[in-house]
Amino acid sequence: MKESVRVADETFRAEVRAFLAASLPPEMLARTRTAVHPQRDDILAWQAILARKGWSVPGWPVAHGGPGWSERQRAIFEEEQALAGAPEHNIQGVSLVGPVLYTFGTEAQQRRFLPAIREGREFWCQGFSEPNSGSDLASLRTRAVREGDVYVVNGQKIWTSQAMMADMCFCLVRTDAGGKPQLGISFLLISMTSPGVTVRPIQSIDEGFSLCEVFFDNVRVPAENLIGFEGKGWDYAKFLLANERTATAEAPRNKRYLVQLKAIAAAERDGETSLLAQPEFRGRIARAEVDLLALESGVERAWRQPDDTLLPSVLKLQGTTLMQTLTELQVEALGSHGAAYFPQGREETNEAAPPAPEHARDVAAEFLFRRAATIYGGSNEIQRNIVAKALLAKGIGTPQPDLSEERRMLADSVTRFVEKSYGFDARRKLLAAGSEAIARNWASFAEMGWLGAAIPEAAGGLGGTIDDSLLVLGGIGRALAVEPYLTCAVLAPKLVELAAADALRVELLAGIAEAKTVLALAHDEAGARGRWEHIATRAAQVEGGYRLSGAKRLVLGGDMAQSFLVTARLHGQARDRKGIGIFLMPRNAPGLAVMPYRTIDARQAVDLRLDGVEVESRCLIGPVDKAAPALAAAIDHAIVGACAEAVGAMEAALSLTLDYVRTRRQFGQPLAAFQALQHRLADMYVELERARSMLARAASALALPEEARRRIVAAAKASIGRSGLFVGQQCVQLHGGIGMTQECAAGHYLKRLMVLDMLHGDAQHHQSRYTQDMDNSGLA
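Residues numbered from 1 in each chain as written. Predicted model: local features only at pLDDT ≥ 70, side-chain atom pairs only at ≥ 80, totals over all residues. Heavy atoms only, no water.

Chemist: Please clarify how the overall build of the protein chain should be interpreted in this entry.
Modeler: What the protein chain contains, in helices and strands, is 23 helices and 18 strands. The C-alpha radius of gyration computed for the protein chain amounts to 30 Å, which stays within 12% of the reference 28 Å derived for 780 residues, consistent with globular compactness. By its C-alpha atoms, the protein chain is 100 × 60 × 50 Å across when sized along the principal axes. Counting only residues that meet the buried cut, the protein chain has 55% of its 780 residues in that class. A fraction of 74% describes how many contacts in the protein chain between residues 6 or more apart in sequence connect residues 24 or more apart. Per element, the accessible surface of the protein chain, about 32700 Å² overall, is 52% carbon and sulfur. (Helix = DSSP H or I, 4+ residues; strand = E, 2+ residues; numbered from the N terminus. Rg over C-alpha atoms; globule rule 2.2 N^0.38 Å. Buried < 20%, exposed > 50% of the residue type's maximum accessible area, 1.4 Å probe, protein only. Contact = heavy atoms within 4.5 Å. Areas by Shrake-Rupley, 256 points an atom, 1.4 Å probe, with all protein chains shown as cover.)

Dropping the structure here:
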């Protein structure tokens, strides 16, 4: 994100916070901050307050009273409103029927209904679900028969939220019982005060009231309340649901739940300390926060990818699952007070509230009520069916946001390489041919501009950014390529760019871009386990230079490297940030033992043993005070690169699995016909999309200051590491016995994803690091 955009966002956020602080009535806030079932009067009164500011319909066009906000501004407003504890708006009016009215309604309908919605004068409910027609809306049976200038409606709706306090209901009714079920459905606007309308509130398991049954007994509805044309109601309903394609992710609500969870955990005790400081529980909160980061990034991706029809289903699955995780953690954090019942719903109850702390109010009820989150709006099982059906029909797709001409050419070259030059059989032949064939590929990488993609033009590169390297790394992951692109074309040049003195920097970077120089960073050591500060290798100053002693391990690309960038400590303790030097060490330096081996994913690596290796002073590539920040930044770039490679491998593993289940038959039908396997495919795709979202967030975070960058990069590595292992393991599982063989690519993707998880700290390490750095307020 550009700095100017970030500043504008924060300015807008401050404006929204100031307005909320000044305009939200305290007595309203006291009622609604924890209310599971907000009341009509509060919802409409707050809508009227927002209308006077011009903010009551954030997503509407300016022509119909909207504020003209961007998607990002709208998200900021909704998040701040949720965090402030303001009443929710009447979603059925503002977010659902309102857009239908201004898109398909007549001018008369717009004049009659839109101002009342916008100004908080009319409350709406939605009449879609029926007994035995929940997620299967096409089977609805409520009938509307035209009699002159009215429709006579008979039937029943159920799970109609807030119908007991609604003025109007937008309703799907059957106007034609013949032909395809969807074609006989129409969209009617029905007054809830019409004779023959009966509402029966349903008490939910939290003992409150929001859900209702609605009965229509010869209800006469003016024909002028028909939206659009008869028989087109299914189309209008699909538009209605698609128009709020990210709402079911519930990102603002989940953000509020996270803040509440941290406040509860900070107030509750675990022995002599707060529950928020208890390592295991804090870690569970942090993992949920990482999932929220991915969810928020997924919502932003949905804004940029309006044609992606699967992403809303994925976000619904992710958001509602997270909602239930957070509310469950809230109840758990309360301990025995989680069992306390706070009266819900109707004012006439005389039941006393329990003597529990205020932070326990309504927590258990909220958890119980939000069990419905994975049911309403198309249950999560239905969403998995939708995802699996689309995957089996069309494949996974590879989202490509708007790219410049240069980046599009780069992406095309990567695609051609993967498809034509690096199939699984070609890879086997390459491995059999050995290092000379790999070296030829490396030279071709330079010819295609891959090695210099992110190297500054002044140093002989193409002057691109890390995003260019990430495009290449996605292809590397899809191809299971064995060339050490991540280590030698991302990590090493970034470290040289940030740490080396001017003349040496230009010389080394130009050589890397042309494949004349191959450098590999030798940094990892026993006991480090992802802590980049852990450097036990020592560099003692001697006459004319330095003497290095220590050991390094898992140097990918070390077999090709002509020289190594070796990190060593000039002074200080093993985990200090200060006193670190970065040395350029020739491969043939006396006292340097290079021990080659193969990794489980068929790449070549070396370990190094430095036994008093002496190098000249000029081999210290730059000032010692620049080494630590340069090393931290370069490794963060490499971590994001590893994430990109993992996403590419996940894409290919899922595509491979889809191909297999389409063709492999059992019990007389393809494996793809079994719903249990379809849902596994859907879960693989959900994890792939989570990884794509975290990758996007981490890539943009590389421009942030170190502390903020480190937090997001750690979150991405933890999340993508987990997702990658899940996808890789499911790929093998769904291939069955053949997936366990070396001749099948499934196991090779699992092994690549295992190695990528290990590089620069595994998922557990980065989750722990994120947990340690986590902001206790939940507002970071």
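Chemist: For this particular structure, what's the right way to read helix H22 (residues 745-758)?
Modeler: Because an α-helix completes one turn every 3.6 residues, residues spaced three or four positions apart along the sequence face the same direction. Its 14 residues place the ends of H22 20 Å apart at the C-alpha level, agreeing with the 20 Å of an ideal helix rising 1.5 Å per residue. The element H22 is largely enclosed, with a buried count of twelve among its 14 residues. Within H22 the residues assigned to the buried category are Ala745, Ala746, Gly747, His748, Tyr749, Leu750, Lys751, Arg752, Leu753, Val755, Leu756 and Asp757. The inward-facing, buried residues of H22 contact helix H14 (424-433), helix H16 (466-479), helix H19 (624-663), helix H21 (706-735) and helix H23 (763-773). (Expected span 1.5 Å × (residues − 1).)

Chemist: How should I be thinking about unusual backbone geometry in this particular structure?
Modeler: Peptide bonds are mostly trans, and most non-glycine residues show a negative phi. A positive phi angle, close to 65°, is found at Asp362, a residue other than glycine. Phi is positive for Leu480, which is not a glycine, with a value near 55°. Considering the arrangement of structural elements, one finds Leu480 in the loop between H16 and helix H17 (485-499). Of the residues examined, Leu480 reaches a relative accessible area of 1% and is grouped as buried.

Chemist: Just checking my understanding: could you explain the environment of Leu430 for this structure?
Modeler: Of note, Leu430 is situated in helix H14. Using a relative accessible area of 11% as the deciding quantity, one classes Leu430 as buried. The residues contacting Leu430, other than those within four sequence positions of it, are Tyr422, Ala437, Ile438, Asn441, Val482 and Glu483.

Chemist: Teacher, can you tell me more about the side chain of Thr320 here?
Modeler: With respect to the helices and strands, the residue Thr320 is situated in helix H10 (residues 311-333). Leaving out residues up to four positions away in the same chain, Thr320 has contacts with Thr248, Ala373, Thr374 and Asn380.

Chemist: Please clarify how the environment of Pro67 should be interpreted in this entry.
Modeler: Take Pro67: it is sitting in the loop between helix H3 (40-53) and helix H4 (71-84). Once you skip the residues sitting within four places of it in the chain, Pro67 turns out to touch Gly54, Trp55, Val57, Pro58, Trp60 and Val62.

Chemist: Got a minute to help me understand the pattern of salt bridges in this structure?
Modeler: Where charged atoms from two side chains of opposite charge come close, those side chains can pair. Here the structure, examined in full by the defined rule, presents 52 salt bridges. A salt bridge links Glu614 to Arg547; its shortest N-O distance comes to 2.8 Å. Separated by 67 residues along the polypeptide, Glu614 in strand E16 (residues 604-616) and Arg547 in strand E12 (residues 545-556) bring together distant segments of the chain. The class for Glu614 is partly exposed, based on a relative accessible area of 46%. The residue Arg618 makes a salt bridge to Glu616 at a minimum N-O spacing of 2.6 Å. Of the residues examined, Glu616 reaches a relative accessible area of 43% and is grouped as partly exposed. (Salt bridge = Lys/Arg side-chain N within 4 Å of Asp/Glu carboxyl O.)

Chemist: When you look at the nonpolar core in this model, what are you seeing that I'm missing?
Modeler: Nonpolar side chains tend to gather and get buried jointly when the protein is soluble and globular. Tyr485, Leu548, Phe564 and Leu565 are the most contacted members of the largest nonpolar core, which totals 180 residues. The element contributing the most residues to this core is H19, with 23 residues. When near neighbours in sequence (up to four residues on either side) are disregarded, Tyr485 contacts Trp442, Phe445, Trp450, Leu451, Ala453, Ser469, Val472, Leu473, Ile476 and Val490. (Core = buried A, V, L, I, M, F, W, Y, C linked by side-chain atoms within 4.5 Å.)

Chemist: I would appreciate a short explanation of H3 in the present structure.
Modeler: With 14 residues, H3 should cover 20 Å at 1.5 Å per step; its first-to-last C-alpha distance of 20 Å lies within 8% of that length. All of the buried residues in H3 are Asp42, Ile43, Leu44, Trp46, Gln47, Ala48, Ile49 and Leu50. Packing partners of the buried residues in H3 comprise helix H1 (3-23), helix H2 (26-32), H4, helix H5 (91-104) and helix H6 (107-118). Gly54 sits one or two positions beyond H3 and adopts a positive phi of about 85°.

Chemist: Which parts of the structure should I look at to understand the environment of Ala708?
Modeler: Summarising the element assignment, Ala708 is placed in helix H21. Separated by 199 residues in the primary sequence, Ala708 and Leu509 have C-alpha atoms spaced 28 Å apart.

Chemist: Explain the side chain of Ser95 here, please?
Modeler: Note that Ser95 resides in helix H5. Classification of Ser95 as buried rests on a relative accessible area of 4%. Side chain to side chain, Ser95 and His89 meet in a polar contact 3.1 Å long. Every residue in contact with Ser95, bar those within four places of it in the chain, is listed here: His89, Asn90, Asn243 and Glu244. (Polar contact = N/O pair within 3.5 Å; in protein donor to acceptor, adjacent residues only side chain to side chain.)

Chemist: Explanation requested: the packing of H5 against H6 in the structure shown.
Modeler: Running from N to C, H5 and H6 cross one another at 160°; their axes reach a closest spacing of 10 Å. If you check the angle between H5 and H6, you find them roughly antiparallel. For the pair H5 and H6, the crossing hand works out as left-handed. Here Gly93, Val94, Val97, Gly98, Leu101 and Tyr102 of H5 come into contact with H6, specifically with Gln109, Gln110, Phe113, Leu114 and Ile117. Across the contact of H5 with H6, the residue classes tally to seven nonpolar, four polar and no charged. (Axes fitted to C-alpha atoms, helices over the stretch in contact; angles between N-to-C directions. Parallel < 35°, antiparallel > 145°, perpendicular 65-115°, else oblique. Left-handed = near helix turned anticlockwise from the far one by under 90°. Nonpolar A, V, L, I, M, F, W, Y, C, P; charged D, E, K, R; others polar.)

Chemist: What is the right way to read the pairing of strand E7 (residues 209-222) from this model?
Modeler: Across eight bridges, the pairing between strand E3 (residues 150-158) and E7 is antiparallel. Note on E7: the bridge partner recorded for Val153 is Val219. Where strand E6 (residues 197-203) and E7 come together, seven bridges link them in antiparallel fashion. Bridge pairing links Gln203 to Phe209 in E7. Between E6 and the antiparallel strand that follows it, E7, lie five residues; Glu207 among them carries a positive phi value of about 75°. (Pairing = 2+ DSSP bridges.)

Chemist: Can you walk me through the packing of aromatic side chains in this structure?
Modeler: Each aromatic ring pair is specified by the distance between its two centres and by the angle formed by the two planes. The tally for this structure, following the rule as stated, stands at 22 aromatic pairs. Seen in terms of ring centroids, Phe187 and Tyr236 are 6.5 Å apart; in terms of plane orientation they differ by 75°. Their pairing is edge-to-face. Note that Phe187 is positioned in strand E5 (residues 185-191) and Tyr236 in helix H7 (residues 233-243), a separation of 49 residues in sequence. A relative accessible area of 0% means that Phe187 is categorised as buried. Given the relative accessible area of 6%, Tyr236 is considered buried. Through pairs of rings, three or more aromatic residues link up here, namely Phe104, Phe113, Trp124, Phe128, Phe170, Phe187, Tyr236 and Phe239. Lying across the ring of Trp55, Lys53 places its NZ or CZ 5.0 Å from the centre. The positively charged end of Arg146 is found above the aromatic ring belonging to Tyr151, 5.3 Å away from the centroid. (Phe/Tyr/Trp six-rings, centres within 6.5 Å; stacked < 30°, edge-to-face > 60°. Lys NZ or Arg CZ within 6 Å of the ring centre and 35° of its normal.)

Chemist: What should I look at first to understand the pairing of strand E2 (residues 143-147) in this one?
Modeler: Two elements, E2 and E3, share five bridges in a ladder whose sense is antiparallel. When the sheet's bridge partners are listed, Ala144 is paired in E3 with Val153. Here E2 folds back onto E3, and the loop between the two strands holds two residues, one of which, Gly148, carries a positive phi near 65°.

Chemist: Even after reading the chapter, I still don't get the state of the cysteines, so can you show me in this structure?
Modeler: Cysteine pairs can be linked by a disulfide, which is a covalent bond between their two sulfur atoms. Under the definition given, this model contains zero disulfides. Distance from the sulfur of Cys169, which forms no disulfide, to the nearest cysteine sulfur (Cys125) is 3.8 Å. In this model Cys212 remains outside any disulfide bridge; the closest cysteine sulfur is found in Cys125, 7.8 Å from its own. The class of Cys212 is buried, set by a relative accessible area of 0%. (Disulfide = S-S within 2.5 Å.)

Worth remembering: the numbers are spatial, not functional.
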